[in-house]
Amino acid sequence: MVGDKSLGSRLFNITNITLLAIIALLCVLPFIHVLAASFTTSAELAEKRFVLIPTVWSLDAYRYIFSTDTVMRAMMISIGVTVGGTIFSMFLSTLTAYGLSRKDLVGRRFIMFFIVFTMLFNGGMIPTFLVVQQTGLLNSLAALVVPVAINAFNMIILKSFFQNLPDGLEESAKIDGCSDFGILFRIVIPCSMPAIATISLFYAVTYWNTYMHAILYLSDSSKWPVQVLLRQIVVLASGLNYDGAEFTDIPPPEITIKMAVIVVATIPVLMVYPFLQKYFAKGALIGSMKG
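For clarity, every value in this text was computed on a predicted model and none was experimentally measured.

**Student:** How should I be thinking about the overall build of the protein in this particular structure?
**Tutor:** Check the secondary structure of the protein and you find 13 helices and zero strands. Each helix (α) and strand (β) of the protein, taken in turn from the N terminus, gives the series α-α-α-α-α-α-α-α-α-α-α-α-α. For the protein, buried positions account for 37% of its 291 residues. Pairs at least 24 apart in sequence give 71% of the contacts found in the protein among residues at least 6 apart. Carbon together with sulfur atoms contributes 69% to the accessible area of the protein, which is approximately 17,300 Å² in total.

**Student:** How should the UniProt feature "transmembrane region" (unreviewed entry) in the protein be read in this particular structure?
**Tutor:** Per the UniProt record, "transmembrane region" (unreviewed entry) is found at residues 12-36, 74-98, 110-132, 138-162, 183-208 and 255-276. From the first C-alpha to the last, residues 12-36 spans 35 Å; its make-up is 100% helix and 0% strand. Along residues 138-162 the backbone is 44% helical and 0% strand, and the end-to-end C-alpha distance reaches 36 Å.

**Student:** Mind showing me how you'd approach a nonpolar patch on the surface here?
**Tutor:** A contiguous nonpolar surface patch, about 1,100 Å² in accessible area, is contributed by Leu 105, Phe 110, Ile 111, Phe 113, Phe 114, Val 116, Phe 117, Met 119, Leu 120, Phe 121 and Phe 153. Considering every element that reaches the nonpolar patch, the biggest residue donor is helix H5 (residues 108-120), with eight residues. Position of Phe 113 relative to the elements: it lies in helix H5.

**Student:** Looking at this model, I keep getting lost on the confidence of the model for the protein. Mind explaining?
**Tutor:** Low pLDDT marks regions whose predicted coordinates should not be analysed in detail. Chain-level pLDDT for the protein is 81 on average; 86% of the residues reach the 70-or-more range. No element of the protein has a lower mean pLDDT than helix H13 (residues 254-283), at 75, and none a higher one than helix H4 (residues 70-101), at 91. Note that pLDDT drops below 50 for residues 238-251; the model gives that stretch 32 contacts with residues more than four away or on any other chain. Predicted confidence is poor over residues 287-291, with pLDDT under 50, and the contacts of this stretch with residues over four places away or in other chains come to six contacts.

**Student:** How do you make sense of the packing of H4 against helix H9 (residues 180-191) when you look at a structure like this?
**Tutor:** For any two helices packed against each other, the geometry is given by the interaxial angle and the distance between the axes. At a closest axis distance of 12 Å, the pairing of H4 and H9 adopts a crossing angle of 105 degrees. Relative to H9, the element H4 lies roughly perpendicular. On H9, the residues touching Thr 94, Leu 95 and Tyr 98 of H4 are Asp 180, Phe 181, Ile 183, Leu 184, Phe 185, Val 188 and Ile 189. A per-class count over the contact of H4 with H9 returns eight nonpolar, one polar and one charged.

**Student:** Explain helix H10 (residues 193-208) to me, please; I cannot follow it from the model alone.
**Tutor:** A rise of 1.5 Å per residue sets the reference length of H10, with its 16 residues, at 22 Å; its end C-alpha atoms lie 22 Å apart and thus fit the reference within 8%. Counting buried positions along H10 gives 12 out of 16 residues, so the element sits mostly inside the fold. By the burial criterion, the buried members of H10 are Pro 194, Ala 195, Ile 196, Ala 197, Thr 198, Ile 199, Ser 200, Leu 201, Tyr 203, Ala 204, Tyr 207 and Trp 208.

**Student:** When you look at the nonpolar core in this model, what are you seeing that I'm missing?
**Tutor:** Across soluble globular proteins, you tend to see nonpolar side chains buried next to one another. Among the nonpolar cores identified, the biggest contains 32 residues, and Leu 158, Phe 162 and Val 188 are the most heavily contacted of them. Apart from residues no more than four positions distant in its own chain, Val 188 is found in contact with Tyr 98, Phe 162, Leu 165 and Ile 183. Counting 24 residues, the second-largest nonpolar core is a separate cluster that includes Leu 230, Ala 260, Val 261 and Ala 265.

**Student:** Looking at this model, I keep getting lost on the environment of Ile 65. Mind explaining?
**Tutor:** Structurally, Ile 65 is set in helix H3 (residues 60-65). C-alpha of Ile 65 to C-alpha of Val 264: the two residues are 199 residues apart in sequence and 9.7 Å apart in space.

**Student:** Even after reading the chapter, I still don't get the packing of H5 against helix H7 (residues 152-163), so can you show me in this structure?
**Tutor:** As a packed pair, H5 and H7 sit with axes 9 Å apart at the nearest point and diverge in direction by 140 degrees. One finds that H5 runs oblique with respect to H7. Touching Arg 108, Met 112, Ile 115, Val 116, Thr 118 and Met 119 of H5 are Ala 152, Phe 153, Met 155, Ile 156, Lys 159 and Gln 163, all from H7.

**Student:** Any chance you could explain the pattern of salt bridges here in plain terms?
**Tutor:** Oppositely charged side chains can pair when the atoms bearing their charge come close. Counting across every chain of the model gives one salt bridge. Arg 63 is the salt-bridge partner of Asp 60, the closest N and O atoms lying 3.2 Å from each other. Taken together, the residues Asp 60 and Arg 63, both in helix H3 and three residues apart, mark about one turn of the helix. Given the relative accessible area of 44%, Arg 63 is considered partly exposed.

About the thresholds
- Residue numbers restart at each chain and count upward from 1, following the sequence in its written direction.
- Where local features are concerned, this predicted model is filtered to residues with pLDDT of at least 70; where side-chain atom pairs are given and counted, the filter is 80 or more; whole-chain, interface and lining totals use all residues.
- Only hydrogens and water are removed before side-chain values are computed, so all heavy atoms of the structure are retained for them.
- Each helix is a run of DSSP H or I of at least 4 residues and each strand a run of E of at least 2, with the numbering of both proceeding from the N terminus.
- A simple rule labels every residue: compare its accessible area, found with a 1.4 Å probe on the protein chains alone, to the largest value its type can have, and call it buried under 20%, exposed over 50%, or partly exposed in between.
- Contacts were defined at the residue level, with two residues in contact if any of their heavy atoms lie within 4.5 Å.
- Reported accessibility uses the Shrake-Rupley method at a 1.4 Å probe radius. Residues are deemed covered only where the shown protein chains occlude them.
- UniProt positions are given in the numbering used here, feature names are shortened, and annotations may be inferred rather than shown by experiment.
- Patch membership needs two things, relative accessible area over 30% and no salt bridge, and members are linked within 9 Å if like-charged or within 5 Å if nonpolar (Val, Leu, Ile, Met, Phe, Trp, Tyr).
- Should a side-chain nitrogen of Lys or Arg be within 4 Å of a carboxyl oxygen of Asp or Glu, the pair is scored as a salt bridge.
- For every residue, the predictor reports its confidence as pLDDT, a number between 0 and 100.
- Only the stretch in contact is used when fitting a helix axis, every axis being a line fitted to C-alpha atoms; angles between N-to-C directions are given from 0 to 180 degrees.
- Convention used here: angles under 35 degrees read as roughly parallel, angles over 145 as roughly antiparallel, angles from 65 to 115 as roughly perpendicular, and any remaining angle as oblique.
- Each residue gets one of three labels, nonpolar for Ala, Val, Leu, Ile, Met, Phe, Trp, Tyr, Cys and Pro, charged for Asp, Glu, Lys and Arg, and polar for the others, Gly among them.
- Expected helix span is computed as 1.5 Å times (number of residues minus one).
- Buried Ala, Val, Leu, Ile, Met, Phe, Trp, Tyr and Cys residues form a nonpolar core when they are joined through side-chain atoms within 4.5 Å.

In C-alpha cells, the structure reads:
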C-alpha cells in the first residue's frame, strides 16, 4: 500500500514537472525568438521567419538604431523618469497608505470613498490634458510623473499590508517616545519591504512603458522617452529621426528592427527584476491574508 502511494506520488510529480516544463518552454520561446531574430541576417529571416539560433549572426539592426546618440538620450530620459517617478510615487503612496491605515484618522472612510471612486470613474483624456496645460506641466518631463504619481490600486494594497502589521509594534514605539514619522520610517517601512519592493516594481514598469502620456504632453522630440522614439523607428524605418539626424547605416528589414527595439526596451527591466525577485515572490500576495 505504501509502495503504491510512493509510485503514484512519483508519477504525479513527473506529470507536474513535465507539464510545467512545457508551459515554461512555451513562455520562453517567444523571448528566445525575439532575441535571436534581432541578431539574424535579413536573408535568413526572410527565408525561415521563425529563428531560435541564427546561422549567421548580424548586428545590422543594432547598428541602425544606435547610429546616432538619439536612442541613448531617450534611454537616459526613460531611466530618469522611471527612477525619479518611482521614488516620488512610492513616497506619496507610502505616506497616504500609512495615514489611511490608522483607524483613528478623522474622515478615513470619506477619503477612502473618493480614492476608490477614481478607480471607477475618471475625467478622461481631454480634461486631464487641460489640467496639465493649466498647471504649466505641458512639454515637461514632470508631465509624465505628476498626473500619475499615485495609483489608487497600489496605494490600497500598501494600506492593506500596513493594517496587517501587529499593533504591538506601533504601541511599543509610542511608549519609547517615537513620533508618527519615526514609526513609519523606522518600523513600518523596514517591516514592509516585500510590499515596498513589489509596488515599486509595478510603478517602475509603468513609468518605463510610458507612451500615451508622452505623446499627449510632449511636443519636443528631444524629450521623448525610449518607448516613443523606438516606436517611430519601427513604424517609419525611414533613416531619419525627429531631430533631423540621419542614421548612418542602410535600414535592415523592418521585422529585424522591431526585434532589436523590443530587446533594447526590455533589457533594463529584466536587469532590475532579479534584485527584487526575493521580495516579489512574497509580496505578490500582500494584503490577501491577515497575519
